[in-house]
Amino acid sequence: MTTGDNAKKAVAEALNEVLADSFALYLKTKNFHWHVSGPHFRDYHLMFDEHAAQILAITDQIAERVRKNGHRTLTSIGDISRRQSISDNDDAKVAAVDMLDELRSDNLKLVAKLRETKELAAEAGDNATDGMLDDWTDQAEERAWFLLEIAQKD
């Protein structure tokens with residue numbers, strides 16, 4: 001395997017980790033969408049749904065980048081669970097403010113992973129992936145910002 005092949009493989013592996021975290025974050029966001037309650041129910045319910053849709057929309061793009069680079073992508077829920085760094089939340093009752101904080105933290109974890117992957121893409125000369133990572137990073141940063149601002153006390 002050449003150095004270029006190794007670099008592309010490293011990008012594919014990192015993208016698969018991003019994909020696993022994206023699925024984990026998507027499912028957690030939908031979970032909170034389904035289970036949020038309290039005085040801001042409508043606002044949070046709608047925002048979580050918007051965020052989940054945005055996250056789900058990038059999953060196909062991520063997987064296609066892996067495949068376009070000649071590698072295999074995730075194959076199962078088990079594969080996702082082995083690769084994800086964003087933890088699940090199986091609690092039956094989560095306070096709305098804790099949902100906001102947890103999702104903000106998770107989006108920032110995703111930002112860090114996206115930036116690491118961007119460095120690998122740049123090293124591999126993968127300009128297409130590099131540019132897409134900028135878009136995905138901006139989206140995750142915006143979600144984290146919204147979650148921070150909403151959680152602020154008046």
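Worth saying up front: this structure is predicted, and the values here are computed from it rather than measured.

## Details of the overall build of the protein
On a plain count of helices and strands, the protein comes out with five helices and zero strands. Each helix and strand of the protein, ordered N terminal to C terminal, gives the series α-α-α-α-α. By principal-axis analysis of the C-alpha atoms, the protein measures approximately 55 × 30 × 20 Å. For the protein, the proportion of contacts with a sequence separation of at least 24, taken over those separated by at least 6, is 80%. Approximately 8500 Å² of the protein is accessible, and the part contributed by carbon and sulfur atoms is 50%.

## Concerning the side chain of Asn69
Residue placement: Asn69 occurs in the loop between helix H2 (41–68) and helix H3 (77–83). Note on Asn69: relative accessible area 14%, which makes it buried. Polar contacts involving the side chain of Asn69 include one to the side chain of Asp126, which spans 2.9 Å. Asn69 has contacts with Lys8, Asp126 and Thr129, leaving out every residue within four places of it along the chain.

## Some words on the packing of aromatic side chains
In this structure the tally under the stated criterion is three aromatic pairs. Seen in terms of ring centroids, Tyr44 and Phe48 are 6.3 Å apart; in terms of plane orientation they differ by 35°. Their pairing is tilted. Here the residue Tyr44 and the residue Phe48 both occupy positions in helix H2, the gap between them amounting to four residues, near one helical turn. Accessibility assignment for this pair places Tyr44 and Phe48 in one class, buried. Consider the rings of Trp145 and Phe146, whose centres lie 5.2 Å apart with planes at 85°: the pair is edge-to-face. You can call Trp145 partly exposed: its relative accessible area is 49%. A relative accessible area of 36% means that Phe146 is categorised as partly exposed. Cluster of aromatic residues (ring-pair linked, three or more members): Phe32, Tyr44 and Phe48.

## Examining the pattern of salt bridges
Enumeration according to the criterion identifies twelve salt bridges in this entry. With a shortest N-O distance of 2.7 Å, Asp79 and Arg83 are connected by a salt bridge. Of this pair, Asp79 and Arg83 both sit in helix H3, four residues apart, which is roughly one turn of that helix. Here Lys118 makes a salt bridge to Asp134, at a shortest N to O gap of 3.0 Å. With Lys118 in helix H4 (residues 96–124) and Asp134 in helix H5 (residues 127–151), the pair connects residues that are 16 residues apart, well separated along the chain.

Conventions adopted
- Residues numbered from 1 in each chain as written.
- Predicted model: local features only at pLDDT ≥ 70, side-chain atom pairs only at ≥ 80, totals over all residues.
- Heavy atoms only, no water.
- Helix = DSSP H or I, 4+ residues; strand = E, 2+ residues; numbered from the N terminus.
- Contact = heavy atoms within 4.5 Å.
- Areas by Shrake-Rupley, 256 points an atom, 1.4 Å probe, with all protein chains shown as cover.
- Buried < 20%, exposed > 50% of the residue type's maximum accessible area, 1.4 Å probe, protein only.
- Polar contact = N/O pair within 3.5 Å; in protein donor to acceptor, adjacent residues only side chain to side chain.
- Phe/Tyr/Trp six-rings, centres within 6.5 Å; stacked < 30°, edge-to-face > 60°.
- Salt bridge = Lys/Arg side-chain N within 4 Å of Asp/Glu carboxyl O.

Function cannot be inferred from these measures alone, as they are strictly geometric.
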